[in-house]
Protein chains: 2
Amino acid sequence: MRKLLLSASLLLSLSALAQEEKVDQEIINKIIKEGTTNSQVMNIAFHLTDVSGPRLTNSPGYYRAADYAIAEMKKWGVSKAGLDAWGEFGQGWQLKKSYVAMTAPYYKPILAYPKTWTQSTKGLQKAEVVVINVKDSTELLQYKGKLAGKVVLVNRTDEYKHSFKPDATRYTEDELQKMAAYQIPTQPQGPRQGGNPNMARFGAAQRLNTLIKELITSEGAAAFLTASTASHDGTIFVQNPAGNRVDFVNGKPSVLEIAVAYEDLKTINRLVNMGTPVSMELDVQSEFTGKDVKGYNVIGEIKGTDPKLKDEVVMIGAHLDSWHGATGATDNAAGCAVMLEVMRIFKALNLQPKRTIRIALWSGEEQGLLGSRGWIKNYVGDRVTKEIKPEQGKISAYYNIDNGTGKIRGVYLEGNAAVQPIFSKWLEPFKEMGASTLTLQNTGGTDHISFNELGIPGFQFIQDEIEYDTRTHHTTMDSYDHLVADDLKQMAVIVASFVYNTAMRDGLLPRKEMPKPVQTQR
Amino acid sequence: MRKLLLSASLLLSLSALAQEEKVDQEIINKIIKEGTTNSQVMNIAFHLTDVSGPRLTNSPGYYRAADYAIAEMKKWGVSKAGLDAWGEFGQGWQLKKSYVAMTAPYYKPILAYPKTWTQSTKGLQKAEVVVINVKDSTELLQYKGKLAGKVVLVNRTDEYKHSFKPDATRYTEDELQKMAAYQIPTQPQGPRQGGNPNMARFGAAQRLNTLIKELITSEGAAAFLTASTASHDGTIFVQNPAGNRVDFVNGKPSVLEIAVAYEDLKTINRLVNMGTPVSMELDVQSEFTGKDVKGYNVIGEIKGTDPKLKDEVVMIGAHLDSWHGATGATDNAAGCAVMLEVMRIFKALNLQPKRTIRIALWSGEEQGLLGSRGWIKNYVGDRVTKEIKPEQGKISAYYNIDNGTGKIRGVYLEGNAAVQPIFSKWLEPFKEMGASTLTLQNTGGTDHISFNELGIPGFQFIQDEIEYDTRTHHTTMDSYDHLVADDLKQMAVIVASFVYNTAMRDGLLPRKEMPKPVQTQR
């Protein structure tokens, strides 16, 4: 059990809880065996990635993956497997052709990937490059009337950084111990006194960027090229145009914005800066997809067997939607494949959980947790007013996976200290597999938040990074080969065990206080 | 001075040599100042890469770079700056368009780069994919009559390896000490007894690959896709088609062979293997370039000032040609930029070397040291018979750079123990800059070999790896941004100092014995 700085009486009661917590080692062993020797997790991942293609919300790829998941669940005997509308999203979008090259001063293919929900070119289009090099909005005026039909980029002064650190990493014991030692701050941290000068500078740069983007749009530029600092060595970071100002709700594509390789962008930038005219040719064709603008999650259930407890639920989930530059293998076919594999393991072993187990594969996560928040609104309560429905009291816990392909090293407790002794007991069988760390830290950014916002204990697991932040997250390299098979298998057996334990224990998992209603800004 | 296991008497005489060796610290300081504060090395590198484009031998890009180098040298006051024909090469080749995509089961841009001296497609071509999956030539027969107009790839069973080591590295002190401790084997190592089973397996695989390639060619496949294990994360390793069987001498393009990203190849491979038809579209246009099939090196000289020594020469060089996937920044614009900068430093400081200094920027290195061997044949002697011309006795040393962008850590002595105390003295001013290691080891693969083959001391420097073998060597990422400016500056001042010392010392550098004539195989 991990050392937590809690009061002696609380420690005592927590310790008592841990004593009571029962783990059925025989069942756990069966889960480990099924998830290790009969694993289907890589086969599922293959269908969600290579076979389905990119899974941008409401794109055909998303529904290929959803249909596959539903069909597989039905095959395994999972009940209620199907789509579940969560609200209005808008149209999907998909690429039909992408060709970008420099044609003068010499021919050079450009590594490029158009951003989502942007315009097509008018067939194969030729264009000169203009580099916008301004310090403020006054200087920007000189480009007025000069951008129509041009390929535009904004002058860059940063430099390539060579990778003296590995792309792929796993947590060290030292790092895990630091996470375990984390304490919840006793005083809530108020806003800092005085403005942050970095934030002020950042704000000014953001405003200038907005003006530049507006000028590019109003002038009718052929395309706007950008390169994330995360784009290097041929990996391109690509999602929607900056500022999230894409209009997928009303089907209005924004100006063609293309993520290009950092090295390519800088080459073009340097050539133009030295006075060499640079010409390009582009043929980018894309389309808004689908007529039904509602968004749909994928749902499935394994009905609880205990007459008194079967209306209570253990939920697991991961977001099924991805960005479009690759096939969202680590973000987040990995999580979906693991959660589907958990359902398969339950059915393959014919486990009889007392409580109902529900899987949810969310859509619209990448546009702001839309699928999970929509589902919560429909079934659990209002995240602003905190008005709740009866279901809120029946969901014991929600387990989410969305940290890539790395194996589980423990659990983020999200400040819920009361579950610490319980999870500590549940992790015991998995110490040998590298999972033994519990931290009171939060981890943000994904669908467990939607549950915590309504007072339901939502958890993410601590996972080894592998290449998540360096190579795969929202990039053109987030594809099947970047998955680690052994790690996905480990994840599935640990999650299956947690789910089983949650479904079988005497009570619901302890909860934190319900958060206060959100003070809306207007 | 480093510890070498040599006889006591030799040690004594080497030590005496070191005593005699004079270094003009005032000149060295001037070189360091000029090469550090007024460096032009990155500007030169920019013109050789971004401005010139890929520099495949005899392609327009090669001559853009050559013309630039000649013009710059003339501007600096370097004499005899110009092209020098070394023999017959054949035509250059350049890409005019490259577009490759998967169109079914869904649209996916494919990261691809056509190999040199291959065919174009007939405009935009659509094709189905066939995966050849055979163990031997008998199994190969089943594909006869089935490859015409298809995109072909050979089944792959290897797996992606995540990078748990950094792409970029520098030599550790420990590694340098091991290099310094290297001893020349006292017994020449004879051929191993018994066959090597790995070599036998490799030979069989090679023969099968040749048969596959012949079938693809004779059937008239649309394209042959390959992926090097060095192609990953968006970096593509690309040179000429395997087996070097390209015919650049007679202007006959080989079947279209395209290097693609490993991840893309494997996705297509897996889809076909599961029975999903995969369609692609390709538009690859390229051309053989130039009518003059002779190859040309770039030469320049700074005439010696000592009446007795001015006919003796110190040579420096690097190969100017590159592969075509990027702009050959680390292979080898880096070496050329450094060597040109050395010439610039000499002229900027108006140094008066006793001996003549000659720079040679070679062509055809990537096709087998063709430019340097051709030059040697024209001016120095025959590498097979070892018949020599008078020039052989006048070249004191040849210094080459072709190990990427990493700074100099020392010198490979190529078994020439007698220069060890001399170079040891010459390196003294650069210990602080990280260069102090001398190793008797050879380093192969580049143009200093052409000199050593005729008994002239040819040297390569020990350089930090940075990303050479992991990321840039013969890849689409070998571009300007992958250069390390401070390292190139360090290299230039060290090479300039070595050149100055070689030009000023009392005698020529000690030589090893002339190698024996080559026993030709037929």
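Described in the following lines is the structure provided in the data block. It should be emphasised that the depicted structure is a prediction, and the values quoted were computed from it without experimental measurement.

About the thresholds
- Residues numbered from 1 in each chain as written.
- Chains lettered and ligands numbered in written order.
- Predicted model: local features only at pLDDT ≥ 70, side-chain atom pairs only at ≥ 80, totals over all residues.
- Heavy atoms only, no water.
- Helix = DSSP H or I, 4+ residues; strand = E, 2+ residues; numbered from the N terminus.
- Buried < 20%, exposed > 50% of the residue type's maximum accessible area, 1.4 Å probe, protein only.
- Least-squares fit on C-alpha atoms with pLDDT ≥ 70 in both.
- Contact = heavy atoms within 4.5 Å.
- Pairing = 2+ DSSP bridges.
- Buried area = accessible area lost by both parts, 1.4 Å probe.
- Salt bridge = Lys/Arg side-chain N within 4 Å of Asp/Glu carboxyl O.
- Polar contact = N/O pair within 3.5 Å; in protein donor to acceptor, adjacent residues only side chain to side chain.

### Side note on unusual backbone geometry
Move 1: Geometrically, the link from Ala104 of chain A to Pro105 of chain A is a cis peptide bond, its omega value of 15° lying close to zero.
Move 2: Examined against the element boundaries, Pro105 of chain A turns out to sit in the loop between β2 (92-104) and β3 (108-109).
Move 3: Across the junction of Asp331 of chain B and Asn332 of chain B, the peptide omega takes the value 10°, indicating a cis bond.
Move 4: Secondary-structure assignment places Asn332 of chain B in helix α9 (residues 329-348).
Move 5: Of note in this structure, Asn58 of chain B is not a glycine but carries a positive phi near 65°.
Move 6: Looking at where Asn58 of chain B falls in the secondary structure, it is placed in the loop between α3 (41-51) and α4 (60-76).
Move 7: According to the relative accessible area criterion, Asn58 of chain B is buried, its value standing at 5%.
Move 8: The phi dihedral of Lys386 of chain B is positive, around 70°, even though this residue is not glycine.
Move 9: Among the structural elements, Lys386 of chain B can be located in the loop between α10 (370-379) and β13 (395-400).

### Some remarks on the relation of the copies chain A and chain B
Move 1: With an axial shift of 0.0 Å and an RMSD of 0.0 Å, the rotation relating chain A to chain B amounts to 180°. Taken together, the rotation and translation describe the operation of a two-fold axis.
Move 2: A high fraction, 100%, of the interface residues of chain A reappear at the interface in chain B, so the copies pair face to face through one surface.

### Structural notes on the sheet that holds strand β8 (residues 257-260) of chain B
All names here are of chain B.
Move 1: Taken together, eight strands build an open sheet; the order of strands is β3-β2-β9-β5-β6-β7-β8-β4 and the sheet is mixed. Whereas interior strands pair on both sides, the edge strands pair on one side only; in this sheet they are β3 (108-109) and β4 (112-114).
Move 2: In terms of strand pairing, strand β5 (residues 125-132) meets strand β6 (residues 151-154) through four bridges, oriented parallel. In the strand pairing of β6, Val131 is matched with Leu153.

### As for the interface of chain A and chain B
Move 1: Between chain A and chain B, the contact holds 52 residues from the first and 52 residues from the second.
Move 2: Interface area for chain A against chain B, summed over the two sides, is near 4,200 Å², with a carbon-plus-sulfur share of 60%.
Move 3: Counting across the chain A and chain B interface gives eight salt bridges.
Move 4: With a shortest N-O distance of 3.7 Å, Arg471 of chain B and Asp233 of chain A are connected by a salt bridge.
Move 5: Between chain A and chain B we count 24 residue pairs in polar contact (both at pLDDT 80 or more) in total.

### A short note on the pairing of strand β13 (residues 395-400) of chain A
A regular strand carries its side chains on alternate faces of the sheet.
All names here are of chain A.
Move 1: Of all six residues that make up β13, six are buried, and the element is covered over most of its length.
Move 2: Pairing of strand β11 (residues 313-319) with β13 involves five bridges; the strand directions are parallel. Note on β13: the bridge partner recorded for Val313 is Ile395.
Move 3: Strand direction decides the pairing type here: β13 and strand β16 (residues 458-463), joined by three bridges, are parallel. The partner of Asn400 across the bridge, within β16, is Gln460.

### Comments concerning the pattern of salt bridges
All names here are of chain A.
Move 1: Counting across every chain of the model gives 62 salt bridges over all chains.
Move 2: Where Lys135 meets Glu139, a salt bridge forms, and the shortest distance between an N and an O atom there is 3.1 Å.
Move 3: For Lys135, a relative accessible area of 66% corresponds to the exposed category.
Move 4: The shortest N-O distance in the salt bridge between Asp464 and Arg170 comes to 2.9 Å. You can see Asp464 sitting in the loop between β16 and α13 (468-472) and its partner Arg170 sitting in the loop between β6 (151-154) and α6 (173-180), a full 294 residues away along the chain.
Move 5: Judged by relative accessible area, Asp464 falls into the buried class, the value being 0%.

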